[in-house]
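Chain and residue survey
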Amino acid sequence: MHDSLRDLERELMLLARHHIAPNAARRGRTRHLDRSAYLLLSRLEAQGPMTIGQLAEAFSLDVSTVNRQTAAVLQAGLAERIPDPDGGLARKLSITPEGARRVADDRAFVIGELSGLVSTWSEDELRLFASMLERLNASIEAKDGQRPWPRSASVPGR
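Quick summary incoming for the structure in this document. Here the structure is a predicted model, which means the values were calculated and not measured.

This part takes up the overall build of the protein. Helices and strands together make up the secondary structure of the protein, namely seven helices and two strands. In the protein, which comprises 158 residues, the share counted as buried stands at 25%. Partitioning the intrachain contacts of the protein with sequence separation of at least 6 by distance along the chain shows that 52% fall at a separation of at least 24. Roughly 10,500 Å² of accessible area belongs to the protein as shown, and the carbon and sulfur atoms make up 57% of that amount.

Encoded structure:
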């Protein structure tokens with residue numbers, strides 16, 4: 001098992017080094033979201049309106065860091081502050097239609113890149129790999145006490 005864990009560590013390190021998301025070299029004329037905006041807006045899209053504190057907890061980040069990130073998406077019109085739909089006092093951030101469109105555009109780009117990378121994989125191999133990554137991410141979230149990313153109930157043990 002030790003060799004397998006060493007192999008896993010190496011492959012995760014290499015995966016983290018590769019950038020499938022749009023980067024400066026591949027952007028061309030199309031405007032893409034930066035990584036933090038993509039993650040933040042994807043979370044709001046998946047979970048619905050959240051406070052700055054909830055976002056900080058969800059990403060295990062300092063509130064000041066999340067404040068800077070949200071200021072950028074607010075200024076760009078990709079998110080907006082709304083009253084708490086549950087009647088709480090804190091205002092929440094919600095993704096705007098433009099933010100949802102931009103996330104969808106970037107997601108389509110990433111899916112297109114992935115499609116080329118795994119074009120020789122079978123559907124079963126893709127499903128298994130996605131399931132194993134989902135399981136690993138769920139384990140990391142549980143260990144770190146992070147607010148789990150909203151996902152289907154398909155992860156074993158959830």
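Among the nonpolar cores identified, the biggest contains 18 residues, and Leu33, Leu40, Leu41, Leu44, Leu55 and Val73 are the most heavily contacted of them. With five residues, the top contributor of residues to this core is helix 4 (residues 52-59).

With that settled, consider the environment of Arg81. Locating Arg81 in the fold gives a position in strand 1 (residues 79-82). Between the C-alpha atom of Arg81 and that of Ile95, which follows or precedes it by 14 residues, the distance is 9.0 Å. Sequence-distant contacts of Arg81, defined by excluding residues within four places in its chain, comprise Ile52, Leu74, Arg91, Lys92 and Leu93.

Turning our eyes to something else, we now look at the environment of Gly145. Relative to the helices and strands, Gly145 is located in the segment after helix 7 (123-144). Assessed through its relative accessible area of 53%, Gly145 is described here as exposed. Each C-alpha atom, one on Gly145 and one on Ser60, is 8.8 Å from the other, the two residues being 85 residues apart in sequence.

With that settled, the discussion passes to the environment of Leu78. Topologically, Leu78 is positioned in the loop between helix 5 (63-75) and strand 1. As a C-alpha pair, Leu78 and Leu41 span 37 residues in sequence and 7.8 Å in three-dimensional space. Those residues in contact with Leu78 that sit more than four places away from it in its chain are Leu33, Leu41, Val73, Ile95, Thr96, Glu98, Gly99 and Arg102.

We now examine the pattern of salt bridges. Between side chains of opposite charge, a pair can form when the charged atoms approach closely. Counted by the stated rule, this structure contains nine salt bridges. Residue Arg10 pairs with Asp7 through a salt bridge whose shortest N-O separation is 3.4 Å. Taken together, the positions of Arg10 and Asp7, both in helix 1 (residues 2-17) and three residues apart, correspond to about one turn of that helix. In this structure, Arg101 engages Asp105 in a salt bridge whose closest nitrogen and oxygen atoms are separated by 2.6 Å. Of this pair, Arg101 and Asp105 are both found in helix 6 (residues 97-117), four residues apart, which corresponds to roughly one turn of the helix.

Once that is clear, we can look at the packing of helix 4 against helix 5. Where helix 4 contacts helix 5, the axes come no closer than 9 Å and their chain directions differ by 110°. Between helix 4 and helix 5, the interaxial angle falls into the category roughly perpendicular. Regarding helix 4 and helix 5, the two cross each other, and that crossing is right-handed. Each of Ile52, Leu55 and Ala56 in helix 4 lies in contact with helix 5, whose residues at this interface are Val63, Val66, Asn67 and Thr70. Grouping the amino acids of the contact of helix 4 with helix 5 by side-chain chemistry returns five nonpolar, two polar and no charged.

Definitions and limits used
Residues numbered from 1 in each chain as written. Predicted model: local features only at pLDDT ≥ 70, side-chain atom pairs only at ≥ 80, totals over all residues. Heavy atoms only, no water. Helix = DSSP H or I, 4+ residues; strand = E, 2+ residues; numbered from the N terminus. Buried < 20%, exposed > 50% of the residue type's maximum accessible area, 1.4 Å probe, protein only. Contact = heavy atoms within 4.5 Å. Areas by Shrake-Rupley, 256 points an atom, 1.4 Å probe, with all protein chains shown as cover. Core = buried A, V, L, I, M, F, W, Y, C linked by side-chain atoms within 4.5 Å. Salt bridge = Lys/Arg side-chain N within 4 Å of Asp/Glu carboxyl O. Axes fitted to C-alpha atoms, helices over the stretch in contact; angles between N-to-C directions. Parallel < 35°, antiparallel > 145°, perpendicular 65-115°, else oblique. Left-handed = near helix turned anticlockwise from the far one by under 90°. Nonpolar A, V, L, I, M, F, W, Y, C, P; charged D, E, K, R; others polar.

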